[in-house]
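Coordinates in review
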Amino acid sequence: MSENGALPHRGRVLTVDTMNPNVKKVDYAVRGPIVQRALQIEKELKEGVKKPFEEVIKANIGDAHAMGQRPITFFRQVMALCSYPQLLDDNKFPEDAKNRARRILQSCGGNSIGAYTTSQGIDCVRHDVAKYIQRRDGGIPSDPDNIYLTTGASDGIVTILKLLTTGEGRTRTGVMISIPQYPLYSASIAELGAVQVNYYLNEEKCWSLDISELQRSLQAAREHCNPRVLCIINPGNPTGQVQSRQCIEDVIRFAAKENLFLMADEVYQDNVYAEGCEFHSFKKVLFEMGPEYSRKIELVSFHSTSKCYMGECGFRGGYMEVINMDQEVKAQLSKLVSVRLCPPVPGQALMDLVVNCPQPGEPSYQTFMKERTAVLSALAEKAKLTEEILNTVPGISCNPVQGAMYSFPRITLPQRAINEAKAKGQAPDMFYCMKLLEDTGICLVPGSGFGQRDGTYHFRMTILPPTDKLKIMLHKLKEFHQTFTQQFA
Amino acid sequence: MYRLQLLAARSLIAGALDQFTPLTLTSSLTGVRHKSQGPSVEKYGQMRFSTAEAKVSAGRLDGKMREKSLTMDTLNPQVKAVEYAVRGPIVIKAVEIERCLEEGGTKPFSEVIKANIGDAHAMGQQPITFLRQVVALCTFPELMNSPSFPEDAKWRARRILQGCGGYSLGSYSASQGIEYIRKDIAAFIEQRDGVPSNWENIYLTTGASDGIMTILRLLVSGKDSSRTGVMIPIPQYPLYSAAISEMDAVQVNYYLDEDNCWALDINELYRAYQAAKQHCQPRVICIINPGNPTGQVQSKKCIEEVLHFAYEENLFVMSDEVYQDNVYAPDCQFHSFKKVLYEMGPEYFNSVELASFHSTSKGYTGECGFRGGYMEVINMDPEVKVQLVKLLSVRLCPPLAGQAAMDVIVNPPQPDEPSFKQFHQEKSSVLGALAEKAKLTEQILNAVPGIKCNPVQGAMYAFPRIFIPPKAVEEAKALGMQPDMLYCLRLLEEKGICVVPGSGFGQKDGTYHFRMTILPSTEKLKVLLGKVRDFHISFLKEYSALE
């Protein structure tokens, strides 16, 4: 039936049978069926339908502002000034915000954020990004020519994967990704028709990465494809581990030995909570390993405005730094990004502020630091809280949330629940999460959306709700798990 | 031969040739990079990290040079095939020249005038005050208390923020876009067309380009003779050819009729379709109306014919209507494909699959940097729609500032609101100036012998045909470049004017064109056109003397 009630007189051009088969294979659990259902339930609640809860708590996606986190004042002041430069005459805005806005506007065509920028991103922003990286990595040089601004990190990741995907059959590009992974990777691999090569993180060792597992996975993959690229997420999503320096070195040696292109997703670089953990960028470790590695290994690392303490997801800002890329390929990359014209300019401006934040001595410094620290320490507290409460529940076991914004606890499901899920054609943890949503209004993503070892079950929940709400949520979860376990015992 | 050597000696041609052989192109880029990165990195690595280096056992890399894993040979071949002239070699050269001028280099001109891209603000057009007020309020809601912002702007900002998670532009929106805004867009379309529009058919996008790519991505399938063919006008906006290359679909050209003011000839559609059916499966027809780069505005009758053709041949219709507010010729009017389809009756309206695209980048707002846009998709199979939403969700959502800007465009100040007068005045002034410049461009270009320019009925570009003397054609061919590329490169080097060669958009064999925007200020546009005239005359003289 067509939407206007009459039967169409001709067949549709575009049906599921005739559409791009790669698109059909794409899966993105973070916004999958659970989330669709959560939206429906929200509507039902609004319409007055009775539920055993009053609101849906969405812990499915790393969307800090939606969970009530306030924007960093300084960032928004500069953005407002850039959007409406008449405000530069308003004495309510601090001078450092005005200076930043003027500088950004001066580097925009016609002094307007409404102009296109170069496809690689605004020159002065790329310079600021390079300086930030250099500072962050203890002085290791970063070249603005290697910086590409992106539409969120996702855009950069997809673009680089696009360059790398080639070959047919056994020569088709294989992309090594961690399991569990952030499903952007599996989705992009499916869309590009590349081959997904899984390496499993070690849940028993706090989701750390084993080189022997990398080796196993690579060898197995070489039987049917050409593994060319290794993707790392550090700090981990959904698993929250922070890689040790030693582990990063080992990964780099492995990539060197096996001639793999490295992609390092470092969007949670400011989100490190656990004592004794520290963020090490792949770039820094690579250069500390000496020129034998630093001149050869092809590495792209990604950052974004969406996570860390700012959580500005809606601006779709990000950058990537591209190291040791073949010069001709780099020209191809520049050409490819030019087709989309440029990343959104407000996102570029915001990225600039993240890498060029208020400095001691500037009028906004104190407020900025206060806001930044408040966000990060609240996250650290919630990371700890989540782990502690979850581990008190029999049948749930949760690794420490060392970093990022998620916990990924393992859940023990009764055999009867597993059978019932299978009978419904559902993954058992999907069945669990769906029931959790219907009974308690808590929206989580089943582990099967991220990948997990066969026979294990998990869910991903963000630690973003405010502490009070998080506590309520964790206690509801605890009760639900106990009831669920009894019900299916 | 003598001519060739002479040419090669010109810095311009040497540089231009570089652009055509990737090897030399990149070596010129590397030159710059070596200075900034190479040596310093080496030195740094050796000095400070000698101990770390010592830990690496010598045999680890088997002593052989590590090959790059990603080279031109191992690069995705579809990426290699992509071309995008609007930001191609000419523009790279223009940026180089600008840098040279900044550094005090001497050229026969004092500035580069960029008429290569539809970037209104970069050419001095001022933003619409109301739009920017709303965006500023959304960005920094503390401004809601400021008396210097009008109530209608505050009201719109509040409404947009209410549609955002946590009332923040910093949250993700639904992947289809903010629900409120989708409803505003549907209301706008309904008002524009007098035809019902369902907000659930509206998808916000990251500029129109993003929407176009997404729909094409859904449509591309099959192998060999069943591979999806995409019918596009020639000349076209090269986003289409680039997307088709990237997705490895088959480009099916239909030629616009230059002698008939770039009108679309239905017989030509049939010809192109029949020819393409021999080697692929044409499944989609793309229309750009008003035309880019050709500036024509389609008549209602012509749109009817296209829709009938699509209906008969079972084609998906993609209608790029980003220039819908840019109609200048008094006898022309914008008709949306959606409206015409409706008026053709339910048999058509209930069956032809149509996606139409709009954006914040053109019209009278020219807000390119916000990357705002939407598409309306009708008659799409519901199951495919589910797939579309899933595909969009992987990229999470279009930028919220762009969504907000789009909302202002579809929901502008009304006559009884405080900002109406100023808004209306700013809008008319932009559109009035564009109309004037469209006329001016056509007139001045047509006064030059050897240049022939169709009326710029709409959009933002002139696409004049230029006569290039046979000797110049020969010379370009010997240099391995398109004759109009040679022409445009020399125009850039000698006059500082940056326009895009017609070959980047496609044209009938043996004809040559360039695309220039009509966006520079009237004064600058006159200077630009005068320079084009002078250049063209001396170019003709130079090469005719060689006959």
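Right above here is the structure, for reference.
Residues numbered from 1 in each chain as written. Chains lettered and ligands numbered in written order. Predicted model: local features only at pLDDT ≥ 70, side-chain atom pairs only at ≥ 80, totals over all residues. Heavy atoms only, no water.

Regarding the overall build of chain B
Secondary structure summary: chain B contains 22 helices and 14 strands in total. A burial count over chain B gives 63% of its 547 residues as buried. Of the contacts formed within chain B by residues at least 6 apart in sequence, a portion of 71% connects residues at least 24 apart. Total accessible area on chain B stands at roughly 20600 Å², and carbon and sulfur atoms take up 52% of it. (Helix = DSSP H or I, 4+ residues; strand = E, 2+ residues; numbered from the N terminus. Buried < 20%, exposed > 50% of the residue type's maximum accessible area, 1.4 Å probe, protein only. Contact = heavy atoms within 4.5 Å. Areas by Shrake-Rupley, 256 points an atom, 1.4 Å probe, with all protein chains shown as cover.)

Examining the pattern of salt bridges
As a working rule, side chains carrying opposite charge can pair if their charged atoms are close by. Here the structure, examined in full by the defined rule, presents 52 salt bridges over all chains. Glu204 of chain A is the salt-bridge partner of Arg410 of chain A, the closest N and O atoms lying 3.7 Å from each other. One end of the pair, Arg410 of chain A, is in strand E11 (residues 410-411); the other, Glu204 of chain A, is in the loop between strand E4 (195-200) and helix H8 (211-222), and 206 residues separate them in sequence. Residue Glu204 of chain A is classed as exposed on the basis of its relative accessible area of 65%. Taking the shortest distance from any N to any O, the salt bridge between Glu111 of chain B and Lys524 of chain B comes out at 3.5 Å. In this pair, Glu111 of chain B is assigned in the loop between helix H7 (89-102) and strand E1 (113-114) and Lys524 of chain B in helix H22 (residues 522-544), connecting sequence segments 413 residues apart. (Salt bridge = Lys/Arg side-chain N within 4 Å of Asp/Glu carboxyl O.)

Topic: the packing of aromatic side chains
Overall, the coordinates contain 29 aromatic pairs over all chains when judged by the stated rule. Each ring, one from Tyr273 of chain B and one from Phe309 of chain B, has its centre 5.8 Å from the other, and the planes form 85 degrees; the classification is edge-to-face. Taken together, the residues Tyr273 of chain B in helix H13 (residues 266-277) and Phe309 of chain B in helix H14 (residues 300-313) connect sequence positions 36 residues apart. Given the relative accessible area of 7%, Tyr273 of chain B is considered buried. For Phe309 of chain B, a relative accessible area of 0% corresponds to the buried category. Ring geometry for Phe535 of chain B versus Phe539 of chain B: centroids 5.5 Å apart, planes at 35 degrees, classification tilted. With Phe535 of chain B and Phe539 of chain B both in helix H22 and four residues apart, this pair spans about one turn of that helix. There is no split in this pair, since Phe535 of chain B and Phe539 of chain B are both buried. Joined through ring pairs, the aromatic side chains of Phe431, Tyr432, Phe459, Phe480, Phe484 and Phe488 of chain A make up one cluster. (Phe/Tyr/Trp six-rings, centres within 6.5 Å; stacked < 30°, edge-to-face > 60°.)

Let's talk about the packing of H8 of chain A against helix H9 (residues 245-258) of chain A
All names here are of chain A. Direction vectors running N to C along H8 and H9 enclose 25 degrees, while the axes themselves pass 10 Å from each other. On the basis of the axis angle, H8 is roughly parallel to H9. Regarding H8 and H9, the two cross each other, and that crossing is right-handed. In this structure, H8 contributes Ile211, Leu214, Gln215, Leu218 and Arg222 to the contact, and H9 contributes Asp250, Val251, Phe254, Lys257 and Glu258. For the contact of H8 with H9, a count of residues per class yields five nonpolar, one polar and four charged. (Axes fitted to C-alpha atoms, helices over the stretch in contact; angles between N-to-C directions. Parallel < 35°, antiparallel > 145°, perpendicular 65-115°, else oblique. Left-handed = near helix turned anticlockwise from the far one by under 90°. Nonpolar A, V, L, I, M, F, W, Y, C, P; charged D, E, K, R; others polar.)

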